[in-house]
Structures are given as C-alpha cells and as structure tokens.
Amino acid sequence: MIKNVVFDMGNVLLKFDPQVPLEEFCSSQEEKEAIRRELFEGPEWIEGDLGNITNEEKYRRIRARIPKHMHVALKRCVYEWDICMKPLPGAKEFCTVMKQKGYSIYVLSNASLEFYNYFPRFAPLDFFDGVVVSADIHMIKPDAHIFEYLFDRYGLAPEECLFLDDMERNVAAGRQAGMQAEIFDGDFERVRIKYSL
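> For this particular structure, what's the right way to read helix α5 (residues 71-80)?
An α-helix turns once every 3.6 residues. As a result, residues three or four positions apart point the same way. Of the residues making up α5, those classed as buried are H71, A73, L74, C77 and V78. Around the axis of α5, the buried residues are gathered within 160° of arc, so they sit on the same side. Against the buried residues of α5 lie α1 (19-25), α2 (29-40) and α4 (55-63).

This is the structure:
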C-alpha cells in the first residue's frame, strides 16, 4: 500500500528548461550552443549537484573553456539560470490533495545548494514531510545510496513509496531500491488514477 509520494523536483514540481536562460542572456546561436554544452551539459553541473563546487568555481572553470566575448552571458547563465524554474501546472494542487488524503510527501532532488533560493517559489520546505537535496549529502540519483539515505532519514518503507521522476535511469534506480516508481510526463491525473491515489 502506498503511504508516501516522493517527488523529483526538476520537471516534476518545477520546470527545468535551460533554453529559457539561454534565450534571455545569450546574443547569438553560437553562444547558446557553447554555454549549453559547457554549463548545462558539462561536468561542473554534476559537481554542483554533488555539492562539490560553488557557482563562482563553476563560472571560473567554464570561463577558461569558452571565448572571452561569451563570458558575460556565461556568468548570467551560471548565476541566474533559475529564471526558468516555474511551478508545473497542477503540481502544487496535486501535492496539496495528497496531503489532504493522508499521504506523506517528500522531495528527492539532484540539485545544487541554489535549490534553497528558488524552491520556495513552489512551496515552503515545511510544506513537505521531508526534503533531500543531493548537494547536502554529496550523492546524486541514480546512486542507490541516495535512496537508502531517504529511507533511513525519514523511516520510510520502500514498498510504501511511490517515486515520480522525469528521468528513466532514476525511475529504474527507484524501483531497484524497492519503491513503486513512475516516469513522470506531466500528467498528474494519470498518476492519480493509475495508483488509485
């Protein structure tokens, strides 16, 4: 029986779309492609999610790999990328209904420490029964240890958890950890009906 719903954050609760800051801060297609590749798809992004580097270190490292005329746009993307992080339609309402029905709700997110700056746009942290941010514990999904940390910290039985994530590898890891897990495609109503929530 499902007693807990565990939410990924990006593209489950808040929309993560790097194209938004790229369009806002870059002045050419060349800049967009370079900054997407080096920032959003580069190793520093993962290091940030692991809590191993600051934004300043991220900017300094990437700056060394791209032309000087792109440095202004890069800096804005490093420090202001979260302009894209807007609540997904229906997400807050779904979380509220789950709480009202007696389910406990949790967030399990691969995110840098900037999470604490933008996540309150969605809801206060204490709206949830628990929040695990990868940068705090230096582990990221799909590492099995991050799921074990969630279960241990909040005393959860894996088989009583439903995990929603937009990444197939994370969903597979969640299932391996013993949870019911679903690749989230934006349709909360489908999830509610499928799992009789």
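> What am I meant to see in the pairing of strand β6 (residues 161-165) here?
Side-chain direction in a regular strand flips from residue to residue, so the side chains alternate between the two faces of the sheet. Counting buried positions along β6 yields five of five residues, so the element is predominantly enclosed. Residue alternation in β6 divides its side chains into two sets, C161, F163 and D165 and L162 and L164, and both sets are buried. One ladder, built from four bridges, connects strand β1 (residues 4-7) with β6; its direction is parallel. Bridge assignment links V5 to a residue of β6, and that residue is L162. Pairing between β6 and strand β7 (residues 180-183): four bridges, direction parallel. Residue pairing across strands places L162 opposite Q180, the latter belonging to β7.

> For this particular structure, what's the right way to read the packing of aromatic side chains?
For any pair of aromatic rings, the description consists of the separation of the ring centres together with the inter-plane angle of the planes. Tallied over the full model, the rule gives 17 aromatic pairs. With a centroid separation of 6.1 Å and 65° between ring planes, the pair formed by F115 and Y118 is classed as edge-to-face. With a gap of three residues between them, F115 and Y118 both fall in helix α7 (residues 115-118), about one helical turn apart. Judged on exposure class, the residue F115 and its partner Y118 are both buried.

> What's the story with the sheet that holds β7 in this structure? I'm lost.
In sheet architecture, strand pairing relies on hydrogen bonds along the backbone and comes in two forms, parallel and antiparallel. Sheet architecture is open: five strands sit in the order β5-β4-β1-β6-β7, paired in parallel fashion. Either end of the sheet is taken by a strand with one partner, and the two such strands are β5 (130-133) and β7. Between one strand axis and the next, the sheet turns through 20° on average, direction left out of account. Where β1 meets strand β4 (residues 104-109), four bridges bridge the pair, whose relative direction is parallel. Directly across from N4, in β4, lies its bridge partner S104. Where helix α10 (residues 168-176) meets the sheet, its contacts fall on β6 and β7, and the angle it forms with β7 comes to roughly 170°.

> I would appreciate a short explanation of the pairing of β5 in the present structure.
The alternating pattern of β5 places G130 and V132 on one face and V131 and V133 on the opposite face, and all of these are buried. Two elements, β4 and β5, share four bridges in a ladder whose sense is parallel. Bridge pairing in β5 links V107 to V131.

> Would you mind going over the packing of α2 against α5 with me for this structure?
How two helices pack is summed up by the angle between their axes together with the distance between the axes. Axis separation between α2 and α5 bottoms out at 11 Å; the angle between their running directions is 45°. Relative to α5, the element α2 is oriented oblique. Like other packed secondary-structure pairs, α2 and α5 cross with a definite hand, here right-handed. Mapping the contact onto sequence places E31, I35 and L39 in α2 and A73, L74, C77 and V78 in α5.

> Explain the environment of K86 here, please?
With respect to the element layout, K86 can be found in strand β3 (residues 86-87). Along the chain, K86 and E189 lie 103 residues apart, while their C-alpha atoms are 20 Å from each other.

Procedures and definitions
- Per chain, the residues get numbers from 1 upward, laid out in the order the sequence is written.
- Local features in a predicted model are, by the rule used here, given only for residues with pLDDT of at least 70; side-chain atom pairs are given and counted only at 80 or more, and totals for whole chains, interfaces and linings are based on all residues.
- Where side-chain values are given, they derive from all heavy atoms of the structure, hydrogens and water being excluded.
- Exposure is judged per residue with a 1.4 Å probe applied to protein chains only, and the accessible area is read against the type maximum: over 50% gives exposed, under 20% gives buried, and values in between give partly exposed.
- Numbering of helices and strands runs from the N terminus; a helix is a DSSP stretch of H or I covering at least four residues, while a strand is a stretch of E covering at least two.
- Along the arc lie the directions from the helix axis toward the C-beta atoms.
- In this description, contact between two residues means that some pair of their heavy atoms is separated by no more than 4.5 Å.
- Any two strands with at least two DSSP-identified bridges between them are counted as paired.
- Only rings of Phe, Tyr and Trp enter the pairing, Trp through its six-membered ring, and a pair is recorded when the two centres are within 6.5 Å. The plane angle decides the type: under 30 degrees is stacked, over 60 is edge-to-face, the rest tilted.
- To get an axis, fit a line to the C-alpha atoms, keeping to the stretch in contact for a helix; angles then go from 0 to 180 degrees between the N-to-C directions.
- Angles are sorted into four bins: roughly parallel if under 35 degrees, roughly antiparallel if over 145, roughly perpendicular if 65 to 115, and oblique for all others.
- In this scheme the handedness of a crossing depends on how the near helix is turned from the far one: anticlockwise by less than a right angle means left-handed, clockwise means right-handed.

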